[in-house]
Amino acid sequence: MSFSQKIIHWYSANKRSLPWRNTTDPYKIWLSEIMLQQTRVAQGMPYYERFIEHFPTVHDLANASEEEVLKLWQGLGYYSRARNLHTTAKLISEKYNGHFPDTYKGLLELKGVGDYTASAIASFCFKEAQPVVDGNVFRVLSRYFGIDLPINSTEGIKYFKALALKVMDADQIADYNQGIMEFGALQCAPKNPYCLHCPLNDSCVALQKGKIDILPVKLKKAKVKERYFNYLVVLDKENAIEIRQRRGRGIWQNLFEFPLLETEREYSLEEITNTMDTVLELKEPTEIYQFNEKTIVHKLSHQHLHTKFWIVKSEEKHSNGVSLEELKEYPVPVLIAEFINTFKF
DNA sequence: AAAACGGGGAC
DNA sequence: GTCCCAGTTTT
């Protein structure tokens, strides 16, 4: 049996039942693929169910506001995915009459759709012979064929896509693509793959050479940056809270937060008191105190956010204030959501 | 070519 | 702590 035949055979016996596997509707496949980018199936699943419930068709998604979409996306991370999702939904709904492009090349033009996602949709929905190359596929191919090119180098990416093209089964592309990813996720796992009882263990180069634990090779990523966030939770006499929407570049674009004073190190109460006028128009706060006893370290892939929430009480009523209950309807970063959940007046 | 972009789960 | 997840876009 060939490599692809073994994969397809393994898949038929081991495939999980997943909600987006019962359809070839490009809308549902596209939605699931965007959600699953750099995201585990278990984490994406409830979001997928909620999106389909709220937006059964691409037109429903297109007609929603960006805030609604971001709110449903809250907690899933990489929020540009949600913004691009909405942009693409509007394009498909308004310009393409609800129809997705039916080729790899056409799909690649969509915002948020790169090589992997275009290949996935084209193969799952339209049977176009385009191999998917995701993290699972990199791992399976690098191990089985014993390739030590870094999977995140330009050369490596090109090599693995070409190799994937060579070994795929063009006639059963949907099952082959689903199969090799499922195989990577369940059998050829990153750590402790169960090689003893693997259908490929008689021909896997990495296994024969004892290189399972060093493949795939990956170039090291840049180190984490430390940042110091001071959120100013300004409460007026009616306990309305001032909120702002993050604009421009950087993390959490278009999500909501409190006025933010970022510093180069941790600041004390006195230092915050003396510098908060750089981000606030407040004249005379009546009371300031730190809400969280210990600094919260919110960890992102490449930043550690050392965060303090400062409660600032004021007599002045602010124009863009919202109640705590209203605030819960806004899309916010998990860091803010966790504060809201623990905050009591 | 490298950096930016989230959050969570497994070890 | 480290790694990495059904990657893409921007710099």
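Residues numbered from 1 in each chain as written. Chains lettered and ligands numbered in written order. Predicted model: local features only at pLDDT ≥ 70, side-chain atom pairs only at ≥ 80, totals over all residues. Heavy atoms only, no water.

## Here we look at the packing of aromatic side chains
So the rule is basically this: Side-chain rings of Phe, Tyr and Trp, where Trp is taken by its six-membered ring, are said to pair if the distance between their centres is within 6.5 Å; with planes under 30 degrees apart they count as stacked, over 60 as edge-to-face, and otherwise as tilted. Helix and strand assignments come from DSSP, with helices taken as H or I runs of at least 4 residues and strands as E runs of at least 2, each series counted from the N terminus. Note on exposure labels: buried denotes an accessible area under 20% of the residue type's maximum, exposed denotes more than 50%, and partly exposed covers the range between, all computed with a 1.4 Å probe on protein chains only.
According to the stated counting rule, one finds 22 aromatic pairs in the structure shown. Relative to Trp73, the ring of Phe51 has its centre 5.8 Å away and its plane inclined at 90 degrees; by these criteria the two rings are edge-to-face. Here the residue Phe51 occupies a position in helix α3 (residues 41–54), and Trp73 occupies one in helix α5 (residues 66–73), the gap between them amounting to 22 residues. For the pair Phe339 and Phe343, a centre-to-centre distance of 5.1 Å together with 25 degrees between the ring planes defines the contact as stacked. For Phe339, a relative accessible area of 4% gives the class buried. Its relative accessible area of 3% is what places Phe343 among the buried residues.

## As for the nonpolar core
Note the cut-off: Nonpolar core, defined: a set of buried Ala, Val, Leu, Ile, Met, Phe, Trp, Tyr and Cys residues in which side-chain atoms within 4.5 Å join the residues together. Residue ranges assigned to each domain were obtained from an automatic or database domain assignment. Any two residues having at least one pair of non-hydrogen atoms within 4.5 Å are treated as being in contact.
By size, the foremost hydrophobic cluster in this structure holds 98 residues, and its most contacted members are Phe3, Trp30, Phe51 and Phe258. Each of domain 1 (3–208) and domain 2 (225–342) contributes no fewer than three residues to this core. Beyond its immediate sequence surroundings of up to four residues, Trp30 is in contact with Leu61, Leu85, Thr88, Ala89, Phe100, Val113 and Ile121. Ranked by size, the runner-up nonpolar core spans 11 residues in total, among them Leu232, Tyr267, Met276 and Trp310.

## A few points about the protein's contact with DNA strand C
This is how it is decided: One heavy atom within 4 Å of a molecule or strand is enough for the residue carrying it to be called near that molecule or strand. Pairs of N or O atoms within 3.5 Å make up the polar contacts considered here, provided that, within protein, one atom can donate a hydrogen while the other can accept it, and that residues adjacent in sequence are counted only when both atoms are side-chain atoms.
By nearness alone, 28 residues border DNA strand C, and Leu36, Gly112, Gly114, Arg139 and Lys299 come closest of all. Protein-proximal atoms of DNA strand C, defined as those within 4 Å of the protein, fall in sugar or phosphate at a share of 64%. At a separation of 3.2 Å, a base oxygen of DNA strand C approaches a polar side-chain atom of Arg40. A distance of 3.3 Å separates a sugar or linking oxygen of DNA strand C from a polar atom in the side chain of Asn136.

## Comments concerning the pairing of strand β8 (residues 303–314)
The test is simple: Each pair of strands is called paired provided DSSP finds at least two bridges between the two strands.
Buried residues dominate β8, accounting for 11 of its 12 residues. Examined bridge by bridge, strand β1 (residues 225–235) and β8 share 11 bridges and lie parallel to one another. Paired with Val234 across the bridge in β8 is Val312. Relative to β8, strand β7 (residues 296–299) is paired through four bridges, and the arrangement is antiparallel. Among the inter-strand pairings, His298 is bridged to a residue of β8, identified as Leu305. With antiparallel pairing between neighbouring strands as the criterion, β7 and β8 make up a hairpin whose turn holds three residues.

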